[in-house]
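Now for the letters of each chain:
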Amino acid sequence: MSNKSQEEHEVYDAIVVGAGFAGLCMLHRLKTVGLSVKSFEVGTGVGGTWYWNRYPGARCDVESWEYSYGFSEELEQEWNWSERYAAQPEILSYLEHVAERFDLYDCIDFNTRVKSATFDESETKWVIQTDQSEKRFTSKYCIMATGCLSSANIPKIEGFSDYQGESFHTGNWPKEKIDFSKKKVGIIGTGSSSIQATPIVASQAEQLFVFQRTPNWSVPARNAPMPASELDKIKASYQSLRREQRKLPLAAQRPPNRASALEVNAEQRKEAYENYWEIGGLSFLGAFKDIATNPEANETAKKFLTRKIEETVLDKDLVKKLIPDHYLGCKRPCSDTGYYATFNRKNVTLVDSRDEPIVRLSKDGIVSAKKEYRLDSIIFATGFDAMTGSLDKIDIRGRNNLTLTKKWEAGPKTYLGLGTAGFPNFFVIAGPGSPSVLANMVVGIEQHVDWIGDCIQYLEDNDKKQIDPDPSAESEWVEHVNEVASRTLYTGCNNWYLGANIPGKPRVFMPYIGGFPKYVRKCEQVVEDGYVGFNIS
Ligand code: NA7
């Protein structure tokens, strides 16, 4: 229980910001070890990403059983996934069930945005303030579970405020059902969100205009109902499946092929690509071991996917516009259900910015370099200020009143993605410098939660006041993250891993791309060596 003083001041052992997959898991862990905890969440319910992204077609691109918690065998056995890839409503219900089942609701304040988190050096505690009152919340530990793709990017397009029709952002979708029938709709963006929403909006709208700035690579998801027999098999072997999952570079999907795309003959190459194409979704990236690293190997994958687009889209001019220039994987590839076939519909028009870029919004719609598109609705599927956006919105101050935004002005600096020097007892779940966004996010989150939970337990058991990454260990890690990224093809296009989708954001490769197992080993080694690279006092 917290202490409440008369000065509207509440004291906790730990404060967790955010109640999505990461926040809920962290809360559960901290409650289990007997700490007093408090969580703040902007939404009116739990779910994080899966609370906000309610757009039509929103679905996970990692298989449902893989994208679920492994911390409770009872939870695994009682939850029944209905599809191979769960849709947003099902994942949200799952997280609501988790919050209910593990009694987490009591410690979460909803509808509450954390405005500031300030480290009080003299007391070794964090002081948190929210937008709800002047009340101060203090805690020894402050844990940011604010999500990597939670800060919606609404582009600054000229004339934005002139537009008078309805508009939506995929990452901030209303709770009520939106009906696009009899409407002229424009969707801006062709990343994962748009690729999922486009076929569904097209099936409802009178006319859909897809405003594409950069085409993306996409592989059919091959979603299907989960057969009862398959679910039974999964339930019977969850533990071993999860052990195997953690050995894979992405901590999910089918095991990658160990062969090089360049060492096999054309027929064998085609066969491998067809096999992975049939499996569907992001597993396709594992068709050969060198797709992510060797330009020539990558070209063979691009050629295969190009042929699939050519086979699907009837208008040959349109095909050319839908084929990306960038390497497969450089922008996170998408997993779709009928995306390319949607362009065969009479009510769908691709507006390619290479021919006619968006110039401004008008009162009635979108004005391109060629004409005005009069619209009833605009859908912004324009992505997120990834990995750092949600942290930047909070005034976070560490030692010497240094703000996190100042410290990270040239790009985020963390040790293992878990903490940042000068901000003691401050942890980030799935933050920059960790592999989470390049792997199965839920497995990454659980690994972080376990590491942070064990670390806090260690500090408490040993009467330690604080832990803080050493600046030199942090610099080495940042250098390593960059060095590993430079060996891949992922730094050569405008992707959100680099912050390149946000004008003015420093261009630094943020996630760790060395693979989940290597990262886990490094985290374990740090602990085995007595938290080497951290200063503990
Ligand atoms: P993404 O993948 O960042 O896609 C955003 C899309 O919006 C992308 O096609 C952008 O084009 C486009 N965009 C962004 N700003 C503009 C402006 N100003 N004008 C035109 N087009 C623009 O976000 P998603 O929500 O689809 O997916 C995010 C992640 O969620 C995804 O990677 C999965 O991990 C799940 P660009 O490519 O920048 O030229």
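Our structure is the block above this text.
These figures come from a predicted structure and were not determined experimentally.

S.K.: So what exactly am I meant to see when it comes to the overall build of the chain here?
M.R.: For the chain, the helix and strand inventory stands at 16 helices and 21 strands. With the C-alpha coordinates aligned to their principal axes, the bounding extent of the chain is approximately 70 × 55 × 45 Å. Looking at the chain as a whole, 58% of its 537 residues qualify as buried. Here the chain displays about 22700 Å² of accessible surface, and carbon together with sulfur accounts for 48% of that area. Of note, the chain has its 64 positive side-chain charges centred 4 Å away from the centre of its 72 negative side-chain charges.

S.K.: When you look at the packing of helix 14 (residues 441-461) against helix 16 (residues 516-528) in this model, what are you seeing that I'm missing?
M.R.: To characterise two packed helices, one gives the angle between the axes of the helices and the distance between these axes. Between helix 14 and helix 16, the least distance of the axes is 12 Å, while the angle of their chain directions is 0°. As the angle between them shows, helix 14 and helix 16 are arranged roughly parallel. Taking contact as the criterion, the partners of Val-443, Gly-444, Gln-447, His-448 and Trp-451 in helix 14 are, on helix 16, Phe-516, Tyr-519, Val-520, Cys-523, Val-526 and Val-527. Looking at the contact of helix 14 with helix 16 residue by residue, the class counts come to eight nonpolar, three polar and no charged.

S.K.: Just to check I follow, could you spell out the sheet that holds strand 15 (residues 365-368) for this structure?
M.R.: Sheet strands associate in pairs through backbone hydrogen bonding, adopting either a parallel or an antiparallel arrangement. As summarised here, the arrangement of the three strands in space is 14-15-16, forming an open sheet in which the pairing is antiparallel. The sheet is open, and its two edges are formed by strand 14 (358-361) and strand 16 (372-374), each paired on a single side. Direction aside, neighbouring strands of the sheet carry axes that sit 25° apart on average. As judged from the three bridges shared by strand 14 and strand 15, these two strands associate in the antiparallel manner. Its bridge partner lying in strand 15, Leu-361 is registered against Ile-366.

S.K.: When you look at the sheet that holds strand 10 (residues 207-212) in this model, what are you seeing that I'm missing?
M.R.: The five strands lie next to each other as 8-17-9-10-13, forming an open sheet whose pairing is parallel. Of all strands in the sheet, those with a lone pairing partner are strand 8 (166-169) and strand 13 (348-352), marking the two edges. Each strand of the sheet is rotated relative to its neighbour by a mean of 20°, with strand direction disregarded. Here strand 10 pairs with strand 13 via five bridges, running parallel. Bridging from a neighbouring strand, Phe-209 pairs with Thr-349 of strand 13.

S.K.: Help me understand the site of the ligand, please; the structure alone is not making it clear to me.
M.R.: In the neighbourhood of the ligand, 17 residues make up the surrounding shell, with Thr-190, Ser-193, Arg-213, Thr-214 and Lys-331 lying closest. In this structure, Thr-214 approaches the ligand through a side-chain N or O atom, which is 2.4 Å from an oxygen atom. Note that an oxygen atom of the ligand is positioned 3.0 Å from one of the side-chain N or O atoms of Trp-496. Bound to the protein, the ligand loses 85% of the 780 Å² it would expose on its own.

S.K.: Is there a simple way to explain helix 5 (residues 192-204) in this structure?
M.R.: For an α-helix, the turn length of 3.6 residues means that residues three or four places apart are oriented alike. Bending of helix 5 peaks at approximately 35° at the position of Thr-198, with proline Pro-199 no more than four residues after it. Within the sequence span of helix 5, burial applies to Ser-193, Ser-194, Ile-195, Gln-196, Ala-197, Thr-198, Pro-199, Val-201 and Ala-202.

S.K.: Is there a simple way to think about the state of the cysteines in this case?
M.R.: The term disulfide refers to a covalent linkage connecting the sulfur atoms of a pair of cysteines. Following the criterion strictly, the structure yields one disulfide and no others. Unpaired in terms of disulfides, Cys-25 finds its nearest cysteine sulfur in Cys-107, a separation of 13 Å. Not engaged in a disulfide, the cysteine Cys-142 finds its nearest cysteine sulfur in Cys-455; these two sulfurs lie 14 Å apart. With a relative accessible area of 0%, Cys-142 lands in the buried category.

S.K.: Would you mind showing me how to read the packing of helix 8 (residues 266-279) against helix 9 (residues 295-312) here?
M.R.: Interhelical geometry of helix 8 versus helix 9 gives an angle of 60° and a closest axis separation of 11 Å. The way helix 8 lies across helix 9 gives a crossing that is right-handed. Contact residues: helix 8 offers Arg-269, Lys-270, Tyr-273, Glu-274 and Trp-277, while helix 9 offers Ala-297, Thr-300, Ala-301, Phe-304, Leu-305, Arg-307 and Lys-308. Considered class by class, the residues forming the contact of helix 8 with helix 9 number six nonpolar, one polar and five charged.

S.K.: Can you help me understand the pattern of salt bridges in this one?
M.R.: Any two side chains of opposite charge can pair, on the condition that their charged atoms come close. Overall, the coordinates contain 34 salt bridges when judged by the stated rule. With its nearest N and O atoms 2.8 Å apart, the salt bridge here joins Lys-140 to Glu-460. You can see Lys-140 sitting in strand 7 (residues 136-144) and its partner Glu-460 sitting in helix 14, a full 320 residues away along the chain. The exposure class of Lys-140 is partly exposed, given its relative accessible area of 22%. Exposure remark for Glu-460: the relative accessible area of 31% places this residue in the partly exposed category. For Asp-468, the salt bridge goes to Arg-399, with nearest N and O atoms at 2.5 Å. One end of the pair, Asp-468, is in strand 20 (residues 467-469); the other, Arg-399, is in the loop between strand 18 (395-397) and helix 13 (404-407), and 69 residues separate them in sequence. Take Asp-468: its relative accessible area is 6%, and that puts it in the buried class.

S.K.: Mind showing me how you'd approach the nonpolar core here?
M.R.: In summary, soluble globular proteins display a tendency toward joint burial of nonpolar side chains. Judged by nonpolar contacts, the single largest core of 79 residues is most densely connected at Phe-21, Tyr-69, Ile-143, Ile-429 and Trp-451. Looking at which element gives the most residues to this core, the answer is helix 14, with nine residues. Residues within four places of Phe-21 in sequence aside, it is in contact with Trp-50, Tyr-67, Tyr-69, Ile-91, Tyr-94, Leu-95, Val-442 and Ile-445. Within the second largest apolar cluster, 46 residues are counted, among which are Ile-195, Ala-301, Tyr-339 and Val-348.

S.K.: In this structure, what is going on with the packing of aromatic side chains? I would like to understand it.
M.R.: Each aromatic ring pair is specified by the distance between its two centres and by the angle formed by the two planes. For the structure shown, the criterion picks out 41 aromatic pairs. Residues Phe-211 and Tyr-373 carry aromatic rings whose centres are separated by 5.3 Å and whose planes lie at 85° to one another, so their mutual orientation is edge-to-face. On the criterion of sequence distance, the pair formed by Phe-211 in strand 10 and Tyr-373 in strand 16 is long-range, its members being 162 residues apart. Take Tyr-373: its relative accessible area is 5%, and that puts it in the buried class. Every member of this aromatic cluster is reached through a ring pair, and the members are Phe-21, Trp-50, Tyr-67, Tyr-69, Phe-71, Trp-79, Trp-81, Tyr-94 and Phe-102.

How each quantity is defined
- Residues numbered from 1 in each chain as written.
- Predicted model: local features only at pLDDT ≥ 70, side-chain atom pairs only at ≥ 80, totals over all residues.
- Heavy atoms only, no water.
- Helix = DSSP H or I, 4+ residues; strand = E, 2+ residues; numbered from the N terminus.
- Buried < 20%, exposed > 50% of the residue type's maximum accessible area, 1.4 Å probe, protein only.
- Areas by Shrake-Rupley, 256 points an atom, 1.4 Å probe, with all protein chains shown as cover.
- Lys, Arg positive; Asp, Glu negative; His and termini not counted.
- Charge placed at Lys NZ, Arg CZ, Asp CG, Glu CD.
- Axes fitted to C-alpha atoms, helices over the stretch in contact; angles between N-to-C directions.
- Parallel < 35°, antiparallel > 145°, perpendicular 65-115°, else oblique.
- Contact = heavy atoms within 4.5 Å.
- Nonpolar A, V, L, I, M, F, W, Y, C, P; charged D, E, K, R; others polar.
- Pairing = 2+ DSSP bridges.
- Near = heavy atom within 4 Å.
- Polar contact = N/O pair within 3.5 Å; in protein donor to acceptor, adjacent residues only side chain to side chain.
- Bend = angle between axes of the 7 residues up to and from the residue.
- Disulfide = S-S within 2.5 Å.
- Left-handed = near helix turned anticlockwise from the far one by under 90°.
- Salt bridge = Lys/Arg side-chain N within 4 Å of Asp/Glu carboxyl O.
- Core = buried A, V, L, I, M, F, W, Y, C linked by side-chain atoms within 4.5 Å.
- Phe/Tyr/Trp six-rings, centres within 6.5 Å; stacked < 30°, edge-to-face > 60°.

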